[in-house]
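Given next are the chains, with one letter for each unit.
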2 protein chains.
Amino acid sequence: MAEETENIQFELTDDLVNQVESLIRLNRDKELKNFLDDFHYADIAEILDELDLEEAMYVIKLLDSETTADILMELDEDNREKVLRNLSTKEIADEIGELDTDDAADIIAELPEERRQEVISAIEDEEHKAEIKELLKYDEDSAGGLMAKELVKVYDTWTVAGCLRRIRGQAKEVTRVHSVYVVDKQEKLVGRLSLKDLVVAKNEQKIADIYISSVDWVNVHDDVEDVARVMQKYDLEAIPVVDNDQKLLGRITIDDIVDVMKEEAERDYQLAAGISQDVEADDSIWKLTRARLPWLLIGMFGGIGAASIISGFSDAMDKYPVLLMFIPLIQATAGNVGVQSSAIVVQGLANDTIDGKILSRLLKEFALGLVNGLAIAAIVLLISHFGFNTSYFESLTICVALISVIIMAALIGTFIPIFLDKRGIDAAVATGPFITTSNDVFGIFIYFLIAKLILGF
Amino acid sequence: MAEETENIQFELTDDLVNQVESLIRLNRDKELKNFLDDFHYADIAEILDELDLEEAMYVIKLLDSETTADILMELDEDNREKVLRNLSTKEIADEIGELDTDDAADIIAELPEERRQEVISAIEDEEHKAEIKELLKYDEDSAGGLMAKELVKVYDTWTVAGCLRRIRGQAKEVTRVHSVYVVDKQEKLVGRLSLKDLVVAKNEQKIADIYISSVDWVNVHDDVEDVARVMQKYDLEAIPVVDNDQKLLGRITIDDIVDVMKEEAERDYQLAAGISQDVEADDSIWKLTRARLPWLLIGMFGGIGAASIISGFSDAMDKYPVLLMFIPLIQATAGNVGVQSSAIVVQGLANDTIDGKILSRLLKEFALGLVNGLAIAAIVLLISHFGFNTSYFESLTICVALISVIIMAALIGTFIPIFLDKRGIDAAVATGPFITTSNDVFGIFIYFLIAKLILGF
């Protein structure tokens, strides 16, 4: 039987896509259905992402709604939007009927405003409908926006045997049972049990006697990033969500948190690289341009600003042309130091390891900048003196400027993210091109200012 | 009872740390133990990370080894190393006895070579010892290096009742039971069962009749990043690990994968910011300098290279000083475009969404560079002409250079990560300062080359 187990390494090949396309073209429905049945829905979604819309719709209409609902959730967001636009209200409602409440609410939230009500009204299961409507009330970045209503709940007054009997019914609707949540008569969360505990316990025992009262929970209004941090810190696989009265409302599972973490990491990475909206290598040139051009424009204005500064010191250009050769060095160093400093602060803020002591942190960055600056200035001093025949004062200018610029860049790179964070702005925007651009301009200004002081033009 | 449930929001305050410190100073052991008993081990680890070594050791010796073993795993790596150095071989072996095999092997792998054998020999439980020794054989970046030996395994010939009875024994040793793995007589993985399936099934049924034969697995030598990708894609909470003969060796749980993902994201972020080793804001100035100076030096050599290029075009400097003012603009733009391009490629490679077609990707970047370049050049043309009184040919030079540099930076930013990836080198190193520095130098060279062609000095 071992041959029947699946290897995890699904590979999306051109051959595979061609095969599916030709089965569609030839209308060989039965063969196509059998062929796709062997794949996981996440793999089918990957295949559909490669097809054009008409072909994808063909496959979606062919498969049963239980599978297509799962496939829908895994499609690329752009493609999902197109597919949904091509499905009738009734079809969408059927798909949603197959999904867990959290996924169902996400799909509905993606629909255009005017279709939402229609689709909700078309959901047949009244309980499912009411639960989805409840979830849609919560902010998408809150625990409520991420939780599902599906969970296994028992009352503390039940016995183990009665409990097992009853949760058999509940458990059928819950894909994965991590914990059985124990509530009191007022539906307030009082503790938890693992299925393991139930299996190991004796039939006649009361739940009240065996449940574990130490249970972690989050409030329905907590921020998802905080939920992610907590679940990761305590190695939780699911966490119950309660309202302000401690009433059990839903639960969040780790697979959703994994997605949140991944999205967050990708967004921070792109922000640091100066990409202003979520894009992939395969997106259109137009979408990529919209994501990339804004930061390039800011960089451009920085460059123009630097040009104005240099033109303001045009005396220096005439008398000490060698100084101009070192502009790229000053600029590159300022940019690199700034990005390093800000990246460390942004990460520290994300991990909650940075507290509010701005002053001590700035002092540390000052010391760090001094150490790095002295090391680099010493090397540059040697190279500029012997390699570029700079005069003693010119060399001194370059070195003092380098050290000052490194310290300034470290301070700006540290201060700005902390400042933004205190104002409630995501500090991750303050890395990459933002820091680089501000440091470029400041750096060049400081360079010429120091040149003026030392060389006196 | 609701008041007994824990709120997840543990906050590490100075007050809390002071309280623990004063209890230590006064040797009020019993009070201290009671006080700490209320906290999760991960929270106690956070408190210990704030104490000095002597105080931390005091707490560790005070608490029982079951708790301290978990605390040890959560400590900062540097602090754990210090604590381990202060524990006897016997003490470490006792801690390890309390840990799951995967954590135990991780701790032993962190010990200095010469202590490892001693500690392993001192582990009392022979089975635990053998399992840890097995895990230590695997590469730390492989599935084998991440898996634990703890799992619940049943044979396909058993009945549900027999199975429930037997897994009660096994389950006690396994913190969380995600799946029950079904093996045949040769210990080969043939399928899986969830505890839910067992609870729902009838006692007299045979496992062979109820198990699900479609089970995902990974090979013990698979790369952990691949394991992470698979578990995320298929929303798995645990995955069994097999050898080349399909024999069941262990299992990997999602909490370990969450840690891997987080480390990976942080490392990529730091690499993109030009930080060459894992550091935190609270690390020492010396450690931070070692992580930051290497890239600053590379940037410095880039800056010196740019200086040489400029000095090689010193004719231009004399005749067209206005060109020099736009060096920062050219350089900043080249750097920004390069970082954007490389970040998108690095992410695509990490997500496995980029295939090998380098040429078509470069063509796309070329088109993208052209669009962005034209947009920026048009604005710069207006500003330079009216703001800086540049001549017609000077303006043309700046604009043509900008477009060329943007295209070149986009191509370099795209090509280098793909090239490195093909050679088996982590593409994430090819972002940030690496791309910025190479683009700085190339960009300035192209700028002056184009100036020479157009202005002919």
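As annotated in an unreviewed UniProt entry, chain A carries the name Magnesium transporter MgtE and comes from Aestuariibaculum sediminum. Entered under Subunit (unreviewed entry) in the UniProt record, the comment concerning chain A runs "Homodimer." One UniProt comment on chain A, placed under Function (unreviewed entry), says "Acts as a magnesium transporter."

**Q** Is there a simple way to explain the overall build of chain A in this structure?
**A** Scanning chain A from N- to C-terminus turns up 23 helices and seven strands. Computed over C-alpha atoms, the radius of gyration of chain A comes to 30 Å, more than 25% over the 23 Å expected from 2.2 N^0.38 for 457 residues, which places it beyond the range of a compact globule. Seen through its C-alpha atoms, chain A measures out along the principal axes to roughly 90 × 65 × 50 Å. Within chain A, the fraction of its 457 residues that count as buried is 57%. A fraction of 66% describes how many contacts in chain A between residues 6 or more apart in sequence connect residues 24 or more apart. Summed over all atoms, the accessible surface of chain A reaches about 19900 Å², with 51% contributed by carbon and sulfur. One finds the centroid of the 43 positive side-chain charges in chain A at a distance of 6 Å from the centroid of its 84 negative side-chain charges.

**Q** When you look at the packing of aromatic side chains in this model, what are you seeing that I'm missing?
**A** The geometry of an aromatic ring pair comes down to the distance between the two centres and the angle between the two planes. Residues and elements named next belong to chain A. If you walk through the whole model with that rule in mind, you get 18 aromatic pairs over all chains. The interplanar angle of 20° and the centroid separation of 5.2 Å between the aromatic rings of F313 and F448 together place this pair among those described as stacked. Remark: F448 occurs in helix α23 (residues 433-455) and F313 occurs in the loop between α17 (285-312) and α18 (314-319); sequence separation between them is 135 residues. Across this residue pair, the class does not change: F313 and F448 are buried. Every member of this aromatic cluster is reached through a ring pair, and the members are F313, F445, Y447 and F448.

**Q** Honestly, the interface of chain B and chain A in this entry has me stumped. Any pointers?
**A** Interface size, as often reported, equals the accessible area lost upon joining of the parts. Of the residues lining the interface, 128 residues belong to chain B; the matching set on chain A comes to 128 residues. Between chain B and chain A the total buried area reaches about 11600 Å² when both faces are included, carbon and sulfur atoms providing 62% of it. Inspection of the region where chain B meets chain A yields six salt bridges. Among the salt bridges present, the one from A:E46 reaches B:K233, with a minimum N-O distance of 3.1 Å.

**Q** Any chance you could explain the pairing of strand β2 (residues 152-155) of chain B here in plain terms?
**A** Along any regular strand the residues' side chains alternate between the sheet's two faces. All names here are of chain B. Alternating residues of β2 divide into V152 and V154, all buried, and K153 and Y155, none buried. By the bridge criterion, four bridges tie β2 to strand β3 (residues 180-183) in an arrangement that is parallel. Directly across from Y155, in β3, lies its bridge partner V183.

**Q** I tried to follow the sheet that holds strand β2 (residues 152-155) of chain A on my own but got confused; where do I start?
**A** Across a sheet, strands are paired by hydrogen bonds formed along the backbone, either parallel or antiparallel in direction. Residues and elements named next belong to chain A. In space, the three strands of this open sheet follow the order β2-β3-β4, with mixed pairing throughout. Because the sheet does not close on itself, it has two edges, and the strands there are β2 and β4 (189-193). Strand-to-strand twist of the sheet, defined as the mean angle between neighbouring strand axes without regard to direction, takes the value 35°.

**Q** Teacher, can you tell me more about the relation of the copies chain B and chain A here?
**A** A rotation about an axis combined with a shift along that same axis relates the two copies of the chain. Mapping chain B onto chain A is achieved by rotating through 180° and translating by 0.0 Å along the same axis, at an RMSD of 0.1 Å. These values place the two chain copies in the arrangement generated by a two-fold rotation axis. Here 100% of the interface residues in chain B have copies in chain A that are interface residues too; the copies meet face to matching face.

**Q** What's the story with a nonpolar patch on the surface in this structure? I'm lost.
**A** Together, A:Y392, A:F393, A:L396 and A:V400 line one region of the surface with nonpolar side chains, adding up to about 380 Å² of accessible area. When you line up the elements, A:V400 lands in helix α22 (residues 392-422).

**Q** Where do I start with the domain arrangement of chain A in this structure?
**A** Structurally, chain A comprises domain 1 (10-146), domain 2 (152-263) and domain 3 (285-455). Using C-alpha coordinates to define each centre, domain 1 of chain A is positioned 49 Å away from domain 3 of chain A.

**Q** How do you make sense of the packing of helix α21 (residues 358-387) of chain A against α22(A) when you look at a structure like this?
**A** Two quantities define a packed helix pair, namely the angle between the axes and the distance from one axis to the other. Residues and elements named next belong to chain A. Interaxial distance between α21 and α22 falls to 8 Å at its minimum, and their mutual angle equals 150°. As the angle between them shows, α21 and α22 are arranged roughly antiparallel. Handedness of the crossing formed by α21 with α22: right-handed. Of the residues in the contact of α21 with α22, the class split is 19 nonpolar, seven polar and three charged.

**Q** Any chance you could explain the packing of α17(A) against helix α20 (residues 327-350) of chain B here in plain terms?
**A** Between α17(A) and α20(B), the least distance of the axes is 8 Å, while the angle of their chain directions is 160°. By the angle class used here, α17(A) and α20(B) are roughly antiparallel. Our pair here, α17(A) against α20(B), has a crossing hand that is right-handed. Contacts from A:L288, A:R292, A:W295, A:L296, A:G299, A:M300, A:G303, A:I304, A:A306 and A:I310 of α17(A) reach α20(B) at B:P328, B:L329, B:A332, B:N336, B:V337, B:Q340, B:S341 and B:I344. Looking at side-chain class alone, the contact of α17(A) with α20(B) contains 12 nonpolar, five polar and one charged residues.

**Q** Can you walk me through the side chain of A:T68 in this structure?
**A** All names here are of chain A. Relative to the assigned elements, T68 resides in helix α5 (residues 65-74). By relative accessible area, which is 1% here, T68 ends up buried. With near-sequence residues (within four places) excluded, T68 lies in contact with I60, L63 and E95.

**Q** Looking at this structure, I do not really get the UniProt feature "transmembrane region" (unreviewed entry) in chain A. What am I missing?
**A** Residues and elements named next belong to chain A. Under the local residue numbering, the UniProt record ascribes the feature "transmembrane region" (unreviewed entry) to residues 293-314, 320-346, 366-386, 392-420 and 427-450. With 93% helix and 0% strand, the stretch residues 320-346 has end C-alpha atoms that lie 40 Å from each other. Counted over residues 427-450, helix gives 75% and strand 0%. Its end C-alpha atoms are 31 Å apart.

**Q** Would you take a moment to explain the pattern of salt bridges for this structure?
**A** Two side chains carrying opposite charge are able to pair once their charged atoms lie near each other. One pass over the full model with this rule turns up 36 salt bridges over all chains. We note a salt bridge from B:E91 to B:K61, for which the minimum N-O separation is 3.0 Å. Taken together, the residues span a long stretch of sequence, with B:E91 in helix α7 (residues 89-98) and B:K61 in helix α4 (residues 53-62) at a distance of 30 residues. What makes B:E91 partly exposed here is its relative accessible area of 27%. Between B:E134 and B:K149 there is a salt bridge; the shortest N-O distance is 2.9 Å. One end of the pair, B:E134, is in helix α10 (residues 126-136); the other, B:K149, is in the loop between α11 (143-146) and β2, with 15 residues separating them in the sequence. Overall, the relative accessible area of 16% leaves B:K149 in the buried class. Each of A:D43, A:E46 and B:K233 takes part in one network of salt bridges that share partners.

**Q** Help me out: how do you make sense of helix α21 (residues 358-387) of chain B in this one?
**A** An α-helical turn contains 3.6 residues, so any two residues separated by three or four positions project in the same direction. Across its 30 residues, α21(B) extends 41 Å between first and last C-alpha, which sits within 8% of the 44 Å expected from 1.5 Å per residue. Where α21(B) is concerned, the buried positions are B:I358, B:R361, B:L362, B:E365, B:L368, B:G369, B:N372, B:G373, B:I376, B:A377, B:V380 and B:S384. Check the buried side of α21(B) and you find it contacts α17 of chain A together with α20 and α22 (392-422) of chain B. Note on α21(B): the residue one or two positions beyond its end, B:N389, has a positive phi of about 55°.

**Q** Whenever I open this one, the nonpolar core confuses me. Can you help?
**A** Across soluble globular proteins, nonpolar side chains show a tendency to be buried alongside one another. A:I252 and B:I252 are the most contacted members of the largest nonpolar core, which totals 127 residues. Listed in part, the 92 residues of the second largest apolar core include A:A316, A:F326, A:I376 and B:A410.

Calculation criteria
- Residues numbered from 1 in each chain as written.
- Chains lettered and ligands numbered in written order.
- Predicted model: local features only at pLDDT ≥ 70, side-chain atom pairs only at ≥ 80, totals over all residues.
- Heavy atoms only, no water.
- UniProt positions renumbered as here; feature names shortened; annotations may be inferred.
- Helix = DSSP H or I, 4+ residues; strand = E, 2+ residues; numbered from the N terminus.
- Rg over C-alpha atoms; globule rule 2.2 N^0.38 Å.
- Buried < 20%, exposed > 50% of the residue type's maximum accessible area, 1.4 Å probe, protein only.
- Contact = heavy atoms within 4.5 Å.
- Areas by Shrake-Rupley, 256 points an atom, 1.4 Å probe, with all protein chains shown as cover.
- Lys, Arg positive; Asp, Glu negative; His and termini not counted.
- Charge placed at Lys NZ, Arg CZ, Asp CG, Glu CD.
- Phe/Tyr/Trp six-rings, centres within 6.5 Å; stacked < 30°, edge-to-face > 60°.
- Buried area = accessible area lost by both parts, 1.4 Å probe.
- Salt bridge = Lys/Arg side-chain N within 4 Å of Asp/Glu carboxyl O.
- Pairing = 2+ DSSP bridges.
- Axes fitted to C-alpha atoms, helices over the stretch in contact; angles between N-to-C directions.
- Least-squares fit on C-alpha atoms with pLDDT ≥ 70 in both.
- Patch = residues over 30% accessible without salt bridge, like charges linked within 9 Å, V, L, I, M, F, W, Y side chains within 5 Å.
- Domains from an automatic or database assignment.
- Parallel < 35°, antiparallel > 145°, perpendicular 65-115°, else oblique.
- Left-handed = near helix turned anticlockwise from the far one by under 90°.
- Nonpolar A, V, L, I, M, F, W, Y, C, P; charged D, E, K, R; others polar.
- Expected span 1.5 Å × (residues − 1).
- Core = buried A, V, L, I, M, F, W, Y, C linked by side-chain atoms within 4.5 Å.

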